[in-house]
Structure formats: structure tokens, C-alpha cells
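Fold and contact review
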Amino acid sequence: MKSATPKVLHEICGRSLVGHVVSAAQALDPEQLVVVVGHAREKVAAHLGQLDAGIRTAVQHEQNGTGHAVRMALEELGGEGPAGTVLVTCGDTPLLTGRTLQQLADTHTADGNAVTVLTAEVPDATGYGRIVRESGGGAVTAIVEHKDATEEQRAIREINSGVFAFDGRLLAQALGKVRTDNSQGEEYLTDVLGILREAGHRVGAAVAGDHREIAGINNRVQLAEARRMLNGRLVEDAMLAGVTVVDPATTWLDVSVTYEPDATVHPGTQLLGSTHLGADSEVGPNTRLTDTRVGTGAVVSNTVAQGAEIGEGASVGPYTYLRPGTRLGRKVKAGSYVEMKNAEIGEGTKVPHLSYVGDAVIGEHSNIGAASVFVNYDGENKHTTTVGSHCRMGADNMYVAPVTVGDGAYSAAGSVITKDVPPGSLAVARGQQRNIEGWVARKRPGSASAQAAQAAQEEQAAGARETAGASSDAPSNASETTRSAKEAAGQVPAEEG
């Protein structure tokens, strides 16, 4: 993998490679689950403990082959081998399903085999161990590793998956007879099949329905291919469960994502972690939700959200960022270019655009004006701002926390709120405007601004002259105007014609 991360801890679809294999094994509800660890075992064991504290680990101090690894697992279980069926899987096969493992276990029991190997027919068997059968395709006689195979055996397309079902007691006995006289000088688990067969026990096979399930991961190209295949399964499952996925090719889901019928997912959307989509919700396009709950009927567009709750009928986006701790109530609007963090927004409240709301509690049916900033950090500590219900807050407000705005309050645009605002009050916190005329001409002479200002001033002056000229048509003096007014009122006699 060319990575500081152990191979089995690389992730696809929200789960490590070994985590996928553990999940498939747990689907059978096994009595014991043991993972053999070797390289970077401290990291791998710690990760397994996070997955399930009941997982046991066996340490393979020297990597001496698959047979040796299984011996270490049996020693962890007591050495003699448990009674009943033992399944052995590989830690780098994330596409393997519990359904296929159950099929293997059922075939093993039904056929009365000492060992049953999971096989698959593949287009290209290069690098895989070949399944050698009796004439007519009967019982398995041997598994031959690619490096040890003859040309005739390399032509076989049925391969060993590395997944087996064993009789536990017979497995323990046979492992003690495995030799290392092969090209790798290792203990091959596959040699157990020949040992048991020579002892008169039956060796059978169960063929996987989809050869891609057994694909192992050895580099990042294969990792990407496995991610694509697993994502295809997840998207298909979602659609069959009633979710509309507009473009499956550009929609990516983690295995832990849940949804309700009639949700719609638009192109370019990633749903990660424990994200849940409510019924009739609409998500995307170009949206990434991580550990986020989307309520019934909510619409989320062009949004990044992590650890957020989006209420029923809420509207989010476009170009919105919801950070952890954000909780939007019913029918809340978080509009374009809005960022929220650790904020609780009450029902029907709107934060329409161009604002940052951090460490805040806002009541119901309030409106936060555009370009508002909740100033929550004083350089050392975060503080909370509280805005009540039915408030109408002006644009370009700064709320310097800690501060409280009471219910029904208003604020003027451009205000810096540093003191509590009583309920029903109008908060005005801004300096008076002062115009310094002629400043541009004096300080920026010859600039484009100065030229534009001069042209505007000349246009204003010309308009003033035109207005003055029009006024010359009015009565020539005040006395005549006064007399005319009095005549109209009947206070003086009109001059005879």
C-alpha cells in the first residue's frame, strides 16, 4: 500500500478492510471471533477493540504462512481446536458478505465435510491458488499455489478464495502435520486439505455466486475498485428501499448511512458516517453530509455538514456549512454562504445569507439580517449569544458574546451589539455619519474617482441652473404674488379690466 497505515486499516465506505470482514463474520453470530494480528499489531488490536470489545486477538510474531496464522488462533482458543465448525477468512476481503459465509457454513454441514473451501470462477486466475478436483468436477483433491502449479494447473479458472469451513478438532490435528517444503518455506493452510483427504475425510467446495466478493486488496488501485463495487451495492440497496438516487455513478454512501422511503439524492452527493435521511427529504446536488440527520421533507443543497441535525421541513443552502453541534428546528432556513457551529436555531427562524452563527441559541420565528457575525471568541474562551423569539435583527450586525437579545426586539442595520437588549426594544449601536466634501479632489487628484466626482458635480450644477431658469416664469415679485392670492380669497377687490 506504500502507507504508514497498516493495510487492513485502510477504509472504504466508512469502514476499515478488517472491519468489513469482522462485520461479515458477526452476521453468523459466532461463539468466538479471533483475529490474528502481526504487522503493526498494536494499531490493529486497538482498532478491533473500538469495533467490538468482544473480539479476541492472537499474535503471529513471525509471519510464517496462513497455516501458522491459524495455529496461533487455535492456541488462543485452547490449542485442541473447538468442537463444531470453524470458519477462516482473510482480513483484506472487504466485499465478502455474511450471506456468502452462511452459504459456506450450510454447505459444510449439509455435505458432512471435514473441510469446505469457498471457491470462485474468475476471468483471470493469475496469482491465485487453483482448485484441483476429481474427474467430473467432484470433490476437491488439492489446492495448488500459483508459484507451485504446473502449466496444466495454471489453466484452471476455479480458484481458492482463502476462506474455509473446517471441523474444528480435525483442523487442529491436521495443522500439526503441515510441512514447509514449498517455494515460500511457509506453512500453507491449503495443505490441510490434502492431509485430511489422505486420512479418509471428505473435502468439498462451495462456489461463490459473485467472484468479486473474494477479491483481496494489495494496492490502492484495488482499494479504489473495491470501494466502487461496494458503493454500487449500497446505492442499489438504497434505491430498492425506496430512495431516489438521480445519478448512482456520482453518489457515495457509507455502510452506516440510513434512510427512509421517498428521500431523493441528487448528483455529486456523499453521505457519510451515521447520516440519516428522513422521508421526502431532498439532498444535493454537490453535498457532503457526515453524521448528520436530515428531517422529513427537509431540502439540503450544495452543503457541507458534520454532526448536525436538520429539522423537518428545513431549508439549507446553497453553499452552507453546518459544523458539529448545529441543530436546526422545524422549518428553519439556513441560506447561502451561512456557516453555523454549536448553534441551536428555533422553529421558523431564518438566517438567510452571508452570516456566521457560532455558539448561539436563537428562538422561534426570528430573522437574522444578512452579513451578521456572532462574535463568540475573545482570544481565549468561547462565549454564547442568545437571541429570543420573534426578533427582527438588522443586516451587518455584530453580536459580541456573551450577550442576550430579548424576545420581540429589533436592531438597526450596522449595529455592534455589546450589551443586552431588553424585550421589545430597538438596539442602535453605530456612529453618526459625517461627510467630508471635496476630500477626493484634494487627496486623489486626477484619479478616476476624482474625474467621476467632478462630472457628477457639473451635472448637478447644470441641473440646478435649469431649475433656476424655470422659476423665472413665476410672478416677478412677492407683492404681486401676495395680491393675487388675496384676490383669489376675496380679501381685496380685483382690478377692473
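One can find the structure itself at the top, above this paragraph.
For the structure given in this document, a descriptive report is provided here. All of these numbers come straight from a predicted model, not from anything done at the bench.

The rules behind these values
- Residues numbered from 1 in each chain as written.
- Predicted model: local features only at pLDDT ≥ 70, side-chain atom pairs only at ≥ 80, totals over all residues.
- Heavy atoms only, no water.
- Helix = DSSP H or I, 4+ residues; strand = E, 2+ residues; numbered from the N terminus.
- Rg over C-alpha atoms; globule rule 2.2 N^0.38 Å.
- Buried < 20%, exposed > 50% of the residue type's maximum accessible area, 1.4 Å probe, protein only.
- Contact = heavy atoms within 4.5 Å.
- Areas by Shrake-Rupley, 256 points an atom, 1.4 Å probe, with all protein chains shown as cover.
- Expected span 1.5 Å × (residues − 1).
- Core = buried A, V, L, I, M, F, W, Y, C linked by side-chain atoms within 4.5 Å.

What follows deals with the overall build of the chain. A tally of regular secondary structure across the chain gives 11 helices and 36 strands. By the compact-globule yardstick of 23 Å for 497 residues, the chain is too spread out, its C-alpha radius of gyration being 38 Å. Dimensions of the chain, computed from the C-alpha atoms along their principal axes, are close to 145 × 45 × 45 Å. Here the chain holds 497 residues, and 41% of them are scored as buried. In the chain, 36% of the contacts between residues at least 6 apart in sequence involve partners at least 24 apart. Entry remark: accessible area of the chain is about 25,800 Å², with carbon and sulfur atoms responsible for 48%.

For the rest of this paragraph, the subject is helix H4 (residues 98-111). In a regular helix each residue adds 1.5 Å, so 14 residues correspond to 20 Å; H4 covers 20 Å between its end C-alpha atoms and thus fits that length. Residues of H4 that are buried include every one of Gly 98, Thr 100, Leu 101, Leu 104, Ala 105, Thr 107 and His 108, and no others. Where H4 is buried, its residues touch helix H1 (17-26), strand E5 (85-88), strand E6 (115-121), strand E9 (158-167) and strand E10 (203-207). Positive phi shows up at Gly 112, right after H4, with a value of about 65°.

Right, let's talk about the environment of Pro 318 for a bit. Considering the arrangement of structural elements, one finds Pro 318 in the loop between strand E23 (315-316) and strand E24 (320-322). Along the primary structure Pro 318 and Ser 336 are separated by 18 residues, whereas in three dimensions their C-alpha atoms are 4.8 Å apart.

The next subject is the nonpolar core. One finds Ile 310, Leu 328, Met 340 and Val 357 to be the most contacted residues of the largest nonpolar core, which totals 55 residues. Looking at this core, the elements with two or more residues in it are helix H8 (220-240), strand E26 (333-345), strand E27 (350-362) and strand E33 (403-405). In terms of residues, this core owes the most to one element, H8, which gives seven residues. The contact partners of Val 357, leaving out residues within four places of it in the chain, are Glu 339, Met 340, Lys 341, Ala 343, Ile 345, Val 351, Ile 362 and Phe 374. Counting residues in hydrophobic clusters, the runner-up holds 25 residues, among them Ala 114, Val 115, Leu 175 and Val 178.

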